[in-house]
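Observations on the three-dimensional arrangement
What follows is each chain in one-letter form.
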Amino acid sequence: MLDIKITRTTHPKEKPQDETKLGFGKKFTDHMFVMDYTEGEGWHDARIVPYAPFSLDPATVVFHYAQEIFEGMKAYRTADDTVQLFRPECNAKRFQDSADRLCIPKIPVEDYIQAVEALVDVERDWVPHSDGASLYIRPFIFANDVGLGVHASKHYIFCIICAPSGAYYAEGINPVRIYVEDEYIRAAPGLTGFTKCGGNYAASIKAGELAEEQGYAQVLWLDGVEKKYVEEVGSMNIMFKIDGKVYTAATVGTVLPGVTRRSCIELLKDWGYEVIEGKLAIADIMQAAREGKLEEVFGTGTAAVVSPVKELVWKGEHAYIGDGKIGAVTQKLYDTMTGMQWGKIPDTKGWIVPVEKKY
């Protein structure tokens, strides 16, 4: 168990007055959690301190070799003023998997959860009150050795920051248009596709920009070897309902094992749907669309929960889904997930973790 020292700010920020204008990741809370790693000593000096910049040497390793990882999760306020988390142990375990791949010392699951809960407790007043808004939580680790040379660092900083964020669908859930990318790739076997490391996201920006220029909201990524099997959409997992069955890419190294993805699969199976995790060719998806069997397509992720797709374009061919409206299964998943997260319906799965008032 961490011995977390707390130093409270003497200059608290003004909290947002209009929660309809929060945006995402634009304004940050008063405090941050910080812990250091030193080779031979391990993780030490867990603390919550006023939010402030880090002072880093220009030769700090992370700037040059990108040895860093991060997570994304949320805290939700319910109608009875409870503040709660959604499956934090899943994020903690994935953080360990990312750390292992990037040669970063792991944070024990219980320490990760304790750190998140402590910071959220201290920042409890920052958790938005309005429906659909939440406190976004960003844990991250970066190498902070000073010096050039490609090797694992001997020093790291683990930090957690929080940002009150508005409802993702403030004006309703509008299905989006997706461009199937068959030139650039997001990941390949043996690389870091299953981790949350910044390099994955930096490498995806180019294709995303090109898709936006053509009027598409996001890129549908194909596998990096044959460029024929669907993997992810933008930075989200993706699912296809074809002729009553739900298909999604397996998390076998190139696909991020999303917490929302995992939760959707569990719910779908509870509701009696057959969920097939494996290889799904984009050609087969387009053929299903031609035959009228492509019933629903949706992305899954922490920020949006689900993001319905109304159109796919691949090699000039357009596939239109569900008359441009959100599908019944997509809507049910969204309502069930958000219902549990904001305490509107019972948590029948044991996924919700209330944050106790300790600080």
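Note that the structure is predicted; figures quoted are calculated from it, not measured.

Observations concerning unusual backbone geometry
Although it is not a glycine, A66 adopts a positive phi angle of roughly 55°. Structurally, the position occupied by A66 is in the loop between α1 (61-65) and β4 (68-70). Its identity as a non-glycine residue notwithstanding, D243 has a phi of 50°, on the positive side. On the secondary structure map, D243 appears in the loop between β12 (236-242) and β13 (245-248).

Let's talk about the domain arrangement of the chain
Annotation of the chain at the domain level lists domain 1 (5-167) and domain 2 (176-342). In this structure, domain 1 and domain 2 have C-alpha centres spaced 27 Å apart. Taken together, the 25 residues of domain 1 in the interface contact 23 residues of domain 2. For the pair domain 1 and domain 2, the summed buried surface comes to about 2,000 Å²; carbon and sulfur atoms form 59% of the total. Of all residues in domain 1, F86, R94 and R101 give up the largest surface area on contact with domain 2, accounting jointly for 30% of the area buried on that side.

Let's talk about the side chain of T195
Tracing the chain through its elements places T195 in the loop between β9 (176-181) and α4 (198-202). When its relative accessible area of 0% is taken as the criterion, T195 is described as buried. For T195, the contacting residues outside a window of four places in its chain are S98, R101, L102, N200 and L256.

A closer look at the side chain of K241
Here K241 lies in strand β12. Note on K241: relative accessible area 12%, which makes it buried. Here E295 takes part through its side chain, which lies 2.8 Å from a polar atom of the side chain of K241. Those residues in contact with K241 that sit more than four places away from it in its chain are V246, Y273, K293, L294, E295, E296 and V329.

Focus: the pairing of strand β5 (residues 73-77)
Along β5, five of the five residues are buried, which leaves the element largely enclosed by surrounding structure. Side chains M73, A75 and R77 project from β5 onto one buried face, and the interleaved K74 and Y76 project onto a second face that is buried too. Across three bridges, β5 lies against strand β7 (residues 134-143) in antiparallel orientation. Directly across from K74, in β7, lies its bridge partner Y136.

Here's the deal with the packing of helix α6 (residues 259-270) against helix α8 (residues 328-341)
Viewed as axis vectors pointing N to C, α6 and α8 meet at an angle of 110°, and their least axial separation amounts to 11 Å. Judged by the angle between their axes, α6 and α8 are roughly perpendicular. Where α6 crosses over α8, the handedness of that crossing is right-handed. Counting all contacts with α6, which are made through T260, S263, C264, L267 and L268, the residues of α8 involved are V329, L333, T336, M337 and M340. Looking at side-chain class alone, the contact of α6 with α8 contains seven nonpolar, three polar and no charged residues.

Focus on the packing of aromatic side chains
Using the criterion set out here, one finds 15 aromatic pairs in the structure. Seen in terms of ring centroids, F33 and F158 are 5.6 Å apart; in terms of plane orientation they differ by 65°. Their pairing is edge-to-face. Placement of the pair is F33 in strand β2 (residues 31-38) and F158 in strand β8 (residues 155-165), with a sequence separation of 125 residues. Just as F33 is buried, F158 falls in that class too. Relative to Y112, the ring of F95 has its centre 5.3 Å away and its plane inclined at 55°; by these criteria the two rings are tilted.

Definitions and cut-offs
- Residues numbered from 1 in each chain as written.
- Predicted model: local features only at pLDDT ≥ 70, side-chain atom pairs only at ≥ 80, totals over all residues.
- Heavy atoms only, no water.
- Helix = DSSP H or I, 4+ residues; strand = E, 2+ residues; numbered from the N terminus.
- Domains from an automatic or database assignment.
- Contact = heavy atoms within 4.5 Å.
- Buried area = accessible area lost by both parts, 1.4 Å probe.
- Buried < 20%, exposed > 50% of the residue type's maximum accessible area, 1.4 Å probe, protein only.
- Polar contact = N/O pair within 3.5 Å; in protein donor to acceptor, adjacent residues only side chain to side chain.
- Pairing = 2+ DSSP bridges.
- Axes fitted to C-alpha atoms, helices over the stretch in contact; angles between N-to-C directions.
- Parallel < 35°, antiparallel > 145°, perpendicular 65-115°, else oblique.
- Left-handed = near helix turned anticlockwise from the far one by under 90°.
- Nonpolar A, V, L, I, M, F, W, Y, C, P; charged D, E, K, R; others polar.
- Phe/Tyr/Trp six-rings, centres within 6.5 Å; stacked < 30°, edge-to-face > 60°.

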